[in-house]
Every structure is written in structure tokens, then in C-alpha cells.
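Structure assessment
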Amino acid sequence: MKRPITIAVLAIGGQGGGVLVDWIVALAEREGWQAQSTSVPGVAQRTGATIYYVEVIETEGGRTPVFSAMAAPGDVDIVIAAEWMEAGRAIQRGLVTPDRTILIASTHRAFAVSEKEAPGDGVADSGAVTDAAVAASQRFVAFDMAALAERAGSVVSSVLFGALCGTGALPFPRAAFEATITEAGVGVQGSLRGFALGLDGVAAPPPRVGPVAVVVDGLAPVGHPPYDALLARAATFPAAAHDMLAEGLRHVVGYQDVAYGSAYLDAVEGVGPSVAETAAKYIARAMAYDDVIRVAALKTQPARSPRIQKEMAGQVLAVTEFMHPRMEELLGLLSPGLGMAIERRPRLVALLDRVFCGPKRIRTDTIFGFLMLYVVAGLRGRRRKTLRHAREFVRIEAWLNAVRMVAAEDPALAAELLANQRLIKGYSETHARGLDKFARVMAAADRLRGRPDAADWVRRLRDAALKDEQGLALDAALRTVDTFLNERTAA
Amino acid sequence: MAERSFAREVQQLRLGAGAEFRGEGILAITKALLENGVGYVAGYQGAPISHLMDVLADASDILSELGVHFESSANEATAAATLATSMMYPIRGAVTFKSTAGTNVASDALSNLSSSGVVGGAMIVLGEDYGEGSSIMQERSHAFAMKSQIWLLDPRPNLPSIVAMVEHGFALSEASSTPVMLEVRIRACHVHGSFVTKDNRPPPFTLTQAREMPVRDTSRIVLPPASYAQEKDKIARRWPAAVDYIQRHGLNEFFDGDVPEVGIILQGGMYNGVMRALMRMGLADIWGNTRVPLYVLNVTYPLVDPEIVRFCTGKRAVLVVEEGQPDFIEQSLSKTLREAELPVRLLGKRVLPMAGEYTVAVLEEGVRGFFATVGVAVELTPRANAAAILDEEPVRALASVVPARPPGFCTGCPERPIFSAMKLVEKELGRHHIAADIGCHLFSILPPFNVGATTMGYGLGPASASALNGGTGKRTIAFLGDGGFWHNGLNSSIGNAVYNKSDSVTVIVDNHYSAATGGQDLLSSRASTRRRSTNNSIARAVKGVGAGWVRQIDRTYDVARMRATLRDALTTAVRGPKVIVASSECMLNRQRREKPLLAAAAKAGKRVVRPRFGVDQDVCTGDHACMRLSGCPSLSLKHTGEKLRDDPVAVVDNSCVGCGHCGEVANAAVLCPSFYRADIVENPGWVDRVLGRIRGAVIGALQRRRAARHWMPA
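All values derive from a computational prediction rather than experimental measurement.

**Details of the overall build of chain A**
Tallying secondary structure elements over chain A gives 23 helices and eight strands in all. Taking 23 Å as the expected radius of gyration for a compact globule of 491 residues, we find that chain A reaches 29 Å, considerably beyond that expectation. With respect to the principal axes defined by its C-alpha atoms, chain A has extents near 95 × 70 × 50 Å. By the burial criterion, 51% of the 491 residues in chain A qualify as buried. Once local pairs closer than 6 in sequence are excluded, the contacts in chain A between residues at least 24 apart make up 69%.

Have a look at this one:
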């Protein structure tokens with residue numbers, strides 16, 4: 001029985017799904033076919049998942065087809081997804097079936113709020129969509145069409161339209177597709193470029209561009225003798241840790257100086273060879289804590305300006321920083337004695353707060369603004385004599401102590417304790433909350449010590465702590481731990 | 001200016017007899033109104049008929065040429081009241097709004113209109129917002145038709161059928177002195193199709209004639225004793241006249257089939273879905289041929305008993321396809337068949353779900369259930385559904401992977417900072433009862449803001465917190481959009497709070513447009529337009545009804561000020577309603593307005609500066625606190641690939657419009673120093689170049705000095 005070609009388009013509001021649908025309809029009609037499109041817009045247009053549906057059929061002697069206004073599971077020939085998770089959604093909705101559906105999808109990601117708001121890594125597993133797409137589709141065409149669109153100076157719809165042409169799923173020639181774009185008359189040149197890239201992509205999908213790992217040549221000397229001595233020392237550590245040590249050394253020496261790098265190696269060595277790689281990673285992060293000196297240094301380093309120029313893809317005239325120094329941070333720059341003496345005088349603190357703290361907009365492209373941060377960055381030399389440093393090292397020492405205590409008996413647990421450093425991030429209140437979560441997980445770890453599943457539980461607690469801001473998941477996980485620990489005590 | 005311009009499409013409204021019109025259902029309805037000599041049109045925007053209002057606004061010139069009056073009504077009640085002209089004068093009028101939200105608001109006027117009856121055709125075009133994509137509570141318009149006795153047209157969802165029903169609708173209205181409702185579902189409103197046009201007809205009796213020769217007839221006014229007579233007239237004269245018209249002109253359609261022992265009675269709007277379900281079962285083809293006889297109700301109220309009896313006679317069983325609940329049609333059919341003493345089984349909601357949208361899959365299940373129940377000896381094509389693949393492990397695994405993606409604030413939306421501030425204030429002062437309203441600002445109820453406990457209807461946010469507004473302790477906070485404010489909120493919410501000395505806080509979110517419905521202008525819009533009066537201040541109106549504590553904020557992006565004002569409103573010793581008017585232009589509209597101008601200026605060689613935000617990747621610690629106070633689509637994540645990092649960092653992508661929210665919120669909430677604003681210049685002037693060179697030289701020298709003293713590994 002004659003049936004129409006059915007096409008579902010899944011997009012995110014604002015992606016231009018409607019443009020693509022209009023092109024498909026216009027294409028079919030200019031080729032003498034009949035077409036119907038429907039959409040479910042409304043408020044869904046505002047960044048939400050949106051679905052469009054098109055049916056086209058070859059005209060048959062003046063007869064009028066009865067089109068369906070909605071996609072039916074098991075009945076869709078072509079599914080076009082303008083984003084990777086939307087491809088997953090199409091599969092979930094039953095629109096992609098192995099007997100008939102060609103799935104054309106862009107592999108780029110537009111993260112949903114739920115993925116972005118997790119304090120840890122809440123990003124959905126793209127591989128799961130690949131697996132499902134392979135299982136559910138008859139044919140599967142996927143590549144990063146957003147990147148191609150950017151290259152073409154166009155939007156993802158034009159690349160998708162090209163990919164649709166490339167699959168040959170619609171019996172229309174390339175010229176007809178291109179004429180449709182031209183006739184629509186909006187952003188024609190960019191769209192045609194995007195179209196061509198999409199079309200070529202079907203035959204030869206461009207390679208996947210993932211995050212590029214920073215390539216470091218292990219521990220090879222760099223020609224700076226004091227630093228090379230550190231690298232040579234690091235080379236005596238277990239081989240598995242070499243790459244991480246190279247990275248860690250680069251980080252802490254850049255943060256402070258070569259002597260600090262030496263202290264770093266001492267600390268890594270101190271926790272023992274069984275967890276050297278993990279130690280190399282997290283001790284580097286802990287020692288390079290985020291203080292105002294570091295922020296000022298990062299904001300004034302020579303590489304920054306070219307990077308911003310590149311990222312902004314245009315000539316940058318002014319750069320305004322959004323800073324909010326607080327008294328804690330300023331006092332942290334003083335020596336422990338002076339800092340704590342001022343801390344004990346709340347009225348003085350309040351006065352200084354009014355003078356020096358609060359929201360500041362600093363123009364680092366101007367000489368004066370740059371100088372302010374430049375001077376702060378210049379305090380690096382006396383960092384190890386500051387109150388902040390003293391406090392950080394009290395915590396770091398306690399943490400490494402806890403690691404050292406279990407390193408021999410339970411290396412897995414030691415590694416997990418090291419990884420708890422991941423909980424400490426952010427600034428001000430976020431940082432305080434991180435410290436609190438860190439302390440709670442470490443305390444629980446202390447109680448879990450000696451159990452065969454201690455490492456496993458610490459990992460679970462940490463994952464829970466990274467799920468939400470308030471620590472609700474952590475609370476729940478800690479209650480579970482309490483329950484079984486108390487049971488044991490009772491028994 | 002509305003979000004979407006139909007300036008190009010409306011040219012089709014000029015098409016003459018015999019031409020082919022191609023376009024959206026909404027535009028086809030507009031064309032049909034003009035072909036049928038409509039004298040005036042009014043309405044209130046709202047999905048799915050927003051575009052109808054936009055089309056009419058863009059077609060103002062064509063309407064003027066024909067002498068057709070068009071108004072953007074203050075609300076649906078105003079729109080419905082507009083039809084009073086057809087009550088007294090032989091002038092056809094049409095109004096439009098979404099249903100059932102709009103019909104609720106309009107029902108006072110609709111009841112009066114239908115009681116009085118009409119002399120000129122009166123048509124209410126209802127955008128039936130039911131099923132997927134709907135933004136309102138799920139109810140049926142059918143009940144309104146029944147309670148007020150307004151005829152309900154539910155045409156098959158294709159352009160020729162819809163257009164024909166506009167023509168018949170006016171005639172039916174005039175033949176029976178009764179207003180009619182033309183019900184168009186979401187997808188039909190946006191369906192793309194074609195039909196053959198006729199010439200436009202100017203109204204034969206003009207509005208000027210009506211003004212010059214006013215008519216008064218007390219029998220048409222709803223007051224005793226006329227109102228009693230009107231009710232009797234509905235039954236004695238208008239109803240039979242309507243049934244007669246429907247039958248004579250064959251508004252309902254019969255489709256024969258070669259399985260005559262059964263049949264399906266369906267709402268016109270369900271036709272395409274039912275046909276596709278039958279096609280999937282091998283009982284119909286794409287060209288509209290069906291093996292199962294169909295009786296299609298293009299008029300679902302009133303029902304035509306003789307037609308029902310004719311269709312059902314000789315059948316063993318009949319299926320009723322009626323979307324939504326209660327099952328008014330099925331109940332009515334039962335009575336008709338019983339009275340006619342026909343031995344036919346009637347199945348409807350027994351094999352189809354009582355509630356929810358009738359998708360093709362649902363309809364197919366229902367028809368198969370019907371065939372199985374009554375035992376029809378016809379071979380059916382096996383189900384072609386997706387059940388098998390949905391059951392496979394890789395597909396099932398998606399359930400925990402694919403994130404929900406509800407609609408949210410657009411990039412740069414001026415409402416986002418209001419709710420960031422709200423969230424920050426709640427961190428200081430604890431949780432409050434927060435009443436939400438209808439509009440884009442309702443997205444606040446979703447993550448990451450999670451602000452708002454109720455929505456009770458348009459303009460009713462503050463009203464919905466009324467009972468909580470006595471006594472002492474925490475104050476309630478209510479949100480109200482500029483759309484809801486002018487719709488009825490000025491009176492229902494603000495006036496009410498003033499009069500009752502309510503000790504409450506109201507935030508009026510003023511984005512200069514009726515933004516959620518597509519950016520239509522309002523009384524307080526800032527643009528000056530030729531045909532409307534704009535620039536009427538909300539703050540002045542609020543003060544005008546007696547509110548004392550009123551604060552106007554003209555840049556919502558100032559999160560710190562927004563927070564301070566909210567804090568002040570919640571803690572001030574002043575009793576009575578506290579009203580904050582938070583105004584900044586809808587970014588979607590602003591971009592649409594400004595982008596082409598800036599592009600043109602840049603092209604012409606003028607100096608153009610445009611802000612964009614960025615994140616210093618090294619400074620960002622990947623805690624995502626900014627996301628939890630923003631949710632901006634352009635504020636995204638990036639895995640850096642650095643060995644020392646586990647979590648992705650924040651990144652601002654190139655869709656950033658430079659609104660500044662991320663920087664402001666990082667500042668106000670003391671989050672982190674990662675954000676910076678870059679002002680990007682095109683066609684820099686000589687001052688820019690010279691200053692840039694000097695600064696670059698000094699900064700470069702300083703950097704070289706430091707590099708010489710602090711060795712860093714590459």
C-alpha cells in the first residue's frame with residue numbers, strides 16, 4: 001500500500017528546527033509532491049525540547065492524501081535530531097525502529113540544566129545514546145553538525161538538511177535541495193556552505209573532536225636545572241605516577257616556585273608508593289589552593305589576552321573582571337599573627353570590609369586595573385608566610401596524615417581519601433560548603449576504616465556529596481553508613 | 001512588535017477567486033474570515049492561536065482596505081464582549097482566544113451573548129490547547145458550548161475543511177441566531193496545507209452604518225422577563241433551526257466502507273488520527289478510502305439525531321471517538337440510540353482512554369480493542385509499533401541518561417536575574433510562600449530556581465496568596481507578569497491587595513511585551529506604534545489604584561539591587577502591599593530589534609561595541625554554583641582534558657548576548673572571580689587603536705618583568 005515518507009524533527013527551542021521543516025516542505029512541494037507539517041510549539045519554543053512532524057507523498061492524479069498530524073511509534077522513516085540527547089529522546093519515544101528508520105543526528109551536546117547544576121560531573125553519558133541508536137535504527141548518520149555549522153557561519157539546520165540530502169532518503173536531487181535554500185532567501189550563502197558540509201559528512205563523517213588531553217613529554221628535562229632536578233627525582237617514583245607527577249609539578253611550580261615543587265614531591269613520597277599516582281594528582285590540587293594571589297596571577301599572565309581574543313573571535317577592546325574580595329581573603333594575605341589579631345577585632349574587620357571589600361569591577365585592559373592585580377600577584381613570594389597558607393597546611397597535613405595511616409593496610413581506601421580533595425572547590429560560601437562536606441566524608445571514613453568495603457563506601461559518599469549543593473544526597477548516604485555501623489556496634 | 005512577522009505571508013490574504021493558498025492553518029482561517037465578509041475581529045493572544053492575532057496585526061492594511069475593524073483585546077472577556085455588535089446589527093464578527101483558559105475568562109460575556117442571540121454571524125475561534133504541547137490545565141471546550149448553547153464546530157484538520165467550516169459557521173450562526181465556536185486543535189493551528197481561495201468580501205452592512213443608525217431592542221437584553229423568553233427561544237426556535245441547517249448543508253460527513261456491520265462516529269478533529277490508525281490496521285489508504293464506515297462530526301454540538309439513527313441503523317456496533325472527558329457525546333449518543341430503540345452496541349471510552357490525548361497509537365489500540373470486543377471478521381495488519389525495540393536493553397538504559405528538557409528562560413532573559421535574586425534572598429531570610437502566575441516567569445518553578453508554589457490563572461498570582469496575607473510573621477511573595485497585570489491583575493491582584501490592606505509583596509515582571517505568547521505589544525510596551533497607545537506606566541497604574549510602597553527597577557540584571565529591593569520589601573515596617581516593578585526588555589525581542597541594526601552599522605564601517613562574557617578556565621573550580629543561580633543556555637560546561645581535574649568547568653558559549661547576568665550573580669552571590677566581560681569592537685576608531693597600543697606596551701613590559709623573576713614551566 002502506498003504510504004507517505006514520514007519525517008520527525010527533534011530540536012531544542014531556538015535551534016531553528018522550524019526553518020528545517022519549512023525547507024523540507026518547500027522542497028517536496030517544488031518537486032511536485034504534497035506535504036504537510038505540524039509542530040507543537042507554544043512555550044516549548046523557549047529552550048525546551050520541541051518536535052516537528054512532516055509527511056510528504058508523490059502526487060497521484062489530483063487525489064488528496066490524508067496525512068497524520070503526529071508521529072506514530074513504528075511509523076517514522078526519517079528522524080532528524082538537532083542535538084545528541086534529543087536523538088536519545090526520539091529513540092525513547094519509539095520514533096526510531098530498526099525496520100525503517102534512518103536516524104540523522106548531530107553529536108554535539110547542549111547540556112540540560114539538570115546536567116549543569118550538579119556540583120560534580122552531571123553530564124549524561126553520550127555513549128549510551130550511541131548504543132541505543134545502533135540498536136534502534138535501520139541506518140544511523142551522526143557527526144558534530146554544530147561544529148560544521150559554525151565553520152560554515154550558519155546554523156545546525158543547514159547541515160542537517162545537507163545530511164538529509166546525503167542519505168538519499170528523500171528522492172530529490174541535490175540541486176533541488178539547494179534551490180530550496182536559495183528560494184527561501186534567508187542567510188543563503190551560509191546555509192549553502194553548511195548544507196555542503198552536511199552532505200559531505202554523510203559519506204565521510206568528520207573525526208570526532210573530543211577534549212584534547214594535554215600532551216606532556218613525561219619527565220624529560222626542560223633545560224632549567226633546578227626544575228630538571230625535580231623531574232629527575234620524580235622519575236624515581238613508581239612509573240604509573242610519572243605522567244601525573246609531571247603535570248603536578250608543572251602546576252605547583254607554576255603556582256609558586258621550584259622549592260614548592262620539592263615540597264610537593266616530599267608530600268607525594270610521604271603517602272607511599274602504593275597510591276603515588278592518585279597522590280600526585282590531588283596533592284597538586286590541594287597545594288595550589290585558590291587564593292587571591294593565584295587569581296591575580298592567572299588574570300595577569302601573558303597568555304590570557306591572546307586566549308580571550310581567540311575565544312571572543314573578534315577584537316577585544318576592554319576586559320572587565322567581576323571580583324568580590326572579602327575580608328577573609330584579605331586577612332589571609334597577612335602573616336598569621338597580624339591576620340588573627342585583626343580577626344579578633346570585629347569592628348575593625350567591619351570597617352576594613354567597608355573600605356576594601358565588596359563587588360569590584362576591574363578593567364584589566366587598563367594600566368591601572370592591571371597594576372592592581374599585578375601587585376597582588378606579586379605577593380606570591382611571601383605566600384608561604386600568610387595566614388591562608390598556614391590554615392591550608394593544617395588541613396592538608398591532617399588529610400595526608402589520615403591517608404598515611406591507612407596507606408599500608410588499605411591502599412584503596414587511601415586512594416579514596418586522597419580523591420576527597422575533589423570536594424573542595426569554589427570560593428567563599430561554596431568553598432566553605434565543600435570543606436564541610438570534605439570533613440564529613442573524612443570523619444565517616446575514619447569510622448569505616450578496617451571494613452573491606454571502606455574504600456567503596458568513601459567513594460559512594462563522595463559521589464553523593466557531588467550530586468547536589470546542599471548535601472542532601474550526602475545526608476542520606478551518611479544515614480545509611482550510620483545505620484550499618486551502629487548495627488555492628490550493637491551486635 | 002510580535003516575535004514572528006507574517007508580513008510576507010499576509011500578502012496571500014489578497015488572493016482572489018480560484019487561486020491556491022499555501023500556509024499555516026491559522027492564516028487560512030484569517031483568509032476565510034475575509035472571504036466571508038467579516039466586519040470586525042478581536043481577540044487575545046495565547047498558544048495555539050497567538051499567530052492568528054499576529055497575522056491580523058500584520059494584515060492591518062488589508063483589513064482597513066476592506067473596512068474590517070481589528071482590535072487586540074485587553075483579555076478574552078473583552079474579546080467576547082466585542083461580539084455584542086453582532087447581537088444588534090447584521091454584521092459578522094469573529095473573536096479568538098485559547099481554550100479553555102480564555103473561554104473561562106470570556107464566559108460571562110459568552111453567556112450573555114448566547115442568551116440574547118445574534119443577528120449577524122458571531123464566531124469564536126478557539127485554539128484548543130489540549131494534549132502534547134499544551135501549557136494549561138486539561139479541560140474541554142465542549143462543556144462551555146453545552147452550558148451556554150453555543151454551537152461547536154470541530155472541522156477535519158485540513159485547510160479546505162477548516163475554511164469551509166468558517167463559511168458555514170457564519171451562516172449557521174445567522175440561521176439559528178446563535179454564536180458558534182470554531183474549535184481548532186494545537187496541531188491544526190500550525191498545520192501546513194493549501195486550499196483554493198475566493199474573493200474577499202467587504203462587510204455588506206458596515207460598522208459606520210451601525211453607528212449612524214443605532215438599534216435598541218429590550219427583548220435582546222438579558223433582564224427579566226426577556227431572559228426567560230430567551231431561554232425558551234434557544235430550545236424552541238434556535239436549536240431546531242441549527243439542526244436543520246446542519247442537515248441541509250451536510251456539515252457532518254458520511255464515509256462509506258465495505259464492512260457495514262460496524263462504524264465509527266468521530267469528532268472532525270480526530271479524523272486524520274483515526275484514518276492513520278485504520279491505515280496502520282490495513283483498513284484504509286492514504287487517499288482517504290476506508291473499509292469501516294465513518295460518520296464525521298464536523299459539528300459536535302448540537303448532535304443531529306436523525307443522522308445518528310441513519311448511520312447506526314443496520315450496524316452491530318459503533319465506536320465513538322471523543323477526545324477528553326467527560327464523555328458528553330457518548331452519553332448523548334446512548335440516549336439517542338435508546339430512544340430510537342436501535343439494537344446497536346455503542347463503545348467509546350470502554351476501549352479508548354477516558355482522559356488524555358488521542359494519539360495515533362492510542363486510537364489504533366482503541367479501534368483494535370473495538371474490533372476484538374465486537375468480533376468483526378476482518379483481517380487486520382499486525383501492529384507496527386515500537387514495543388519490541390523499546391524493550392531492548394540499550395534503549396531501556398536511556399531512561400537514566402536522557403535528561404528532561406523543559407522550556408526555560410532564553411539566553412539573556414531579563415527575568416532570570418529576578419529569580420536569582422529571589423533565590424539569594426531566600427538564602428538569607430528563609431523560605432517564603434511564593435505564588436507564581438502565567439507567563440515566561442513561570443519557568444522559575446523549574447530547576448535551577450525552584451521558586452513558586454502555585455499558579456491559579458492569568459493575573460491571579462498575587463490574588464492566589466490572599467488568604468495568607470493577614471497577620472504577622474513572614475510575608476508572601478507573588479509574581480505577576482506585565483501581560484497578566486494588564487489582562488486583569490491590576491484589579492484582581494493589586495486593587496484587591498490595596499483594598500484588603502494585604503501585607504504582601506508583589507513583583508511585577510515587566511519585559512515590555514506579552515512575551516510568552518509571542519511578544520505582542522501591551523499598554524506598557526515601550527515602542528510607539530501607529531495603531532495602539534503604548535508607554536503607559538505600570539508603576540503609575542499601581543499607584544493609581546492606591547498602592548503606597550512601589551519600587552521601579554529599570555535594569556533587572558542588577559542582581560544586587562534586585563536582591564536589596566526584595567529584602568527591603570520583605571522586612572520593611574511599612575504595612576500594606578509592597579509592589580516591585582522589575583523592568584527590562586525581553587531579550588528575544590531586543591535581539592530581534594537590535595541585531596540587524598548593529599550588523600548594518602558594522603557593515604557601514606561604524607564603530608560597534610558588543611559585550612560578551614567569558615570564564616577563565618583556570619580560575620573556575622568546576623563547582624557549578626553559577627549554574628545553580630542561572631540556568632542560562634549559553635552558560636555551559638566543558639571537560640578540559642586536564643589530568644589534574646575531574647569535573648567539567650563552566651564555559652560561556654558563543655550564543656552569549658552579553659546581558660551580564662553571570663558576572664552580576666557571581667558578584668552579588670560572591671561566587672567566584674572567574675567571569676569577565678569582553679567588549680568586542682568592530683571598526684575601532686583611532687582612539688581605540690592608540691590607547692590599545694599604549695596599554696599593550698605597558699602591560700607587556702610588566703609581564704616581561706615578572707616572567708624574568710618568576711620562572712614557570714611551559
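**Looking at the pairing of strand β10 (residues 262–267) of chain B**
Residue and element names in this part refer to chain B. In terms of residue burial, β10 counts as a mostly covered element, since six of its six residues are buried. In β10, alternate side chains face the same way, and those of Val-262, Ile-264 and Leu-266 on one face and Gly-263, Ile-265 and Gln-267 on the other are all buried. Bridging between β10 and strand β13 (residues 317–321) involves five bridges; their strand directions are parallel. Within β13, the residue paired with Leu-266 across the bridge is Val-321. Strand direction decides the pairing type here: β10 and strand β11 (residues 294–297), joined by four bridges, are parallel. Residue pairing in the sheet places Leu-266 in a bridge with Val-296 of β11. Taken together, β10, helix α12 (residues 271–280) and β11 form a β-α-β motif whose crossover is right-handed.

**Remarks on helix α23 (residues 587–603) of chain B**
The periodicity of an α-helix, 3.6 residues per turn, causes residues three or four places apart in sequence to face the same way. All names here are of chain B. Helix length check: α23, at 17 residues, gives a terminal C-alpha distance of 23 Å against a target of 24 Å (1.5 Å per residue), a fit within 8%. The largest bend in α23 amounts to roughly 30° and is located at Glu-594, with the proline Pro-596 lying one to four residues further along. Of the positions making up α23, those classed as buried are Met-587, Leu-588 and Asn-589. Of the residues one or two after α23, Gly-605 is the one with positive phi, at around 85°.

**Focus on the sheet that holds strand β8 (residues 360–363) of chain A**
If you trace the four strands from one edge of the open sheet to the other, you get β8(A)-β7(A)-β24(B)-β21(B), paired in antiparallel fashion. The two strands at the open ends of the sheet, each matched to only one other strand, are β8 of chain A together with β21 (608–615) of chain B. Direction aside, neighbouring strands of the sheet carry axes that sit 25° apart on average. Examined bridge by bridge, strand β7 (residues 315–323) of chain A and β8(A) share four bridges and lie antiparallel to one another. If you follow A:Thr320 over to β8(A), its bridge partner there is A:Arg363. Docked against the sheet, helix α25 (residues 661–668) of chain B engages β7 of chain A together with β21 and β24 (675–682) of chain B, running at close to 150° with respect to β24(B).

**Quick look at the nonpolar core**
Core analysis: the largest hydrophobic core is formed by 295 residues, its most contacted members being A:Ala8, A:Leu160 and B:Trp151. Once you skip the residues sitting within four places of it in the chain, A:Ala8 turns out to touch A:Ile51, A:Tyr53, A:Ala71, A:Val76, A:Val79, A:Ala90 and A:Leu95.

**With respect to the interface of chain B and chain A**
Where interface size is quoted, it is often the accessible area lost as the parts come together. In this assembly, 101 residues from chain B lie in contact with 115 residues from chain A. Residues that form the side of chain B that touches chain A fall into these classes: 57 nonpolar, 24 polar and 20 charged. For β7(A) and β24(B), the ladder comprises six bridges, and the chain directions are antiparallel. From the neighbouring strand, A:Val316 faces β24(B), where its bridge partner is B:Ile680.

**Concerning unusual backbone geometry**
The general pattern is negative phi for most residues beyond glycine and trans for most peptide bonds. Residues and elements named next belong to chain B. Residue Pro-326 follows Gln-325 across a cis peptide bond; omega there is 0°. Mapped onto the secondary structure, Pro-326 falls in the loop between β13 and α14 (328–340). Despite not being glycine, Glu-341 shows a phi value in the positive range, around 55°. In this structure Glu-341 comes out as exposed when scored by C-beta crowding, with 7 C-beta atoms within 10 Å. Unusually for a residue other than glycine, Val-670 sits at a positive phi of about 50°. Residue position: Val-670 is located in the loop between α25 and β24. According to the C-beta neighbour criterion, Val-670 is partly exposed, with 19 such atoms within 10 Å.

**Observations concerning the confidence of the model for chain B**
When pLDDT is low, close inspection of the predicted coordinates is not appropriate. With 100% of its residues at a pLDDT of 70 or more, chain B has an overall mean of 95. Note on the complex model: pTM 0.94, ipTM 0.93.

**Examining the environment of B:Asn488**
All names here are of chain B. Tracing the backbone through its elements, the reader meets Asn-488 in helix α20 (residues 482–499). Accessibility expressed as a C-beta count within 10 Å gives 21 for Asn-488, which makes it buried. Contact partners of Asn-488, with chain neighbours within four places excluded, come to Asn-75 and Gly-459.

**Describing the sheet that holds β11(B)**
All names here are of chain B. Read from one edge of the open sheet, five strands run β9-β11-β10-β13-β14, paired in mixed fashion. Of all the strands in the sheet, the pair left with one neighbour each is β9 (253–255) and β14 (345–347). The mean angle between the axes of side-by-side strands here comes to 20°, regardless of whether they run parallel or antiparallel. In this sheet, β11 lies alongside β9 in antiparallel orientation, the contact comprising three bridges. Residue pairing in the sheet places Glu-253 in a bridge with Val-296 of β11. Seen against the sheet, helix α15 (residues 360–374) touches β10, β13 and β14 and runs at an angle of roughly 160° to β13.

**A word on the packing of helix α9 (residues 225–234) of chain A against helix α10 (residues 242–255) of chain A**
All names here are of chain A. Two elements in contact, α9 and α10, have axes whose closest approach is 10 Å; the angle formed by their N-to-C orientations is 150°. As summarised for this structure, α9 and α10 are arranged roughly antiparallel, according to the angle between their axes. Relative to α10, α9 is oriented so that their crossing is right-handed. Residues Tyr-227, Leu-230, Leu-231 and Ala-234 of α9 pack against His-242, Leu-245, Ala-246, Leu-249 and Val-253 of α10. Its residues assigned to classes, the contact of α9 with α10 comprises eight nonpolar, one polar and no charged.

Criteria and cut-off values
- Residues numbered from 1 in each chain as written.
- Chains lettered and ligands numbered in written order.
- Predicted model: local features only at pLDDT ≥ 70, side-chain atom pairs only at ≥ 80, totals over all residues.
- Helix = DSSP H or I, 4+ residues; strand = E, 2+ residues; numbered from the N terminus.
- Rg over C-alpha atoms; globule rule 2.2 N^0.38 Å.
- Buried ≥ 20, exposed ≤ 12 C-beta atoms within 10 Å, placed from the backbone.
- Contact = placed C-beta atoms within 7 Å.
- Pairing = 2+ DSSP bridges.
- Right-handed = clockwise from strand over helix to strand, strands pointing away.
- Expected span 1.5 Å × (residues − 1).
- Bend = angle between axes of the 7 residues up to and from the residue.
- Axes fitted to C-alpha atoms, helices over the stretch in contact; angles between N-to-C directions.
- Core = buried A, V, L, I, M, F, W, Y, C linked by C-beta atoms within 7 Å.
- Nonpolar A, V, L, I, M, F, W, Y, C, P; charged D, E, K, R; others polar.
- pLDDT = per-residue confidence, 0-100.
- Parallel < 35°, antiparallel > 145°, perpendicular 65-115°, else oblique.
- Left-handed = near helix turned anticlockwise from the far one by under 90°.

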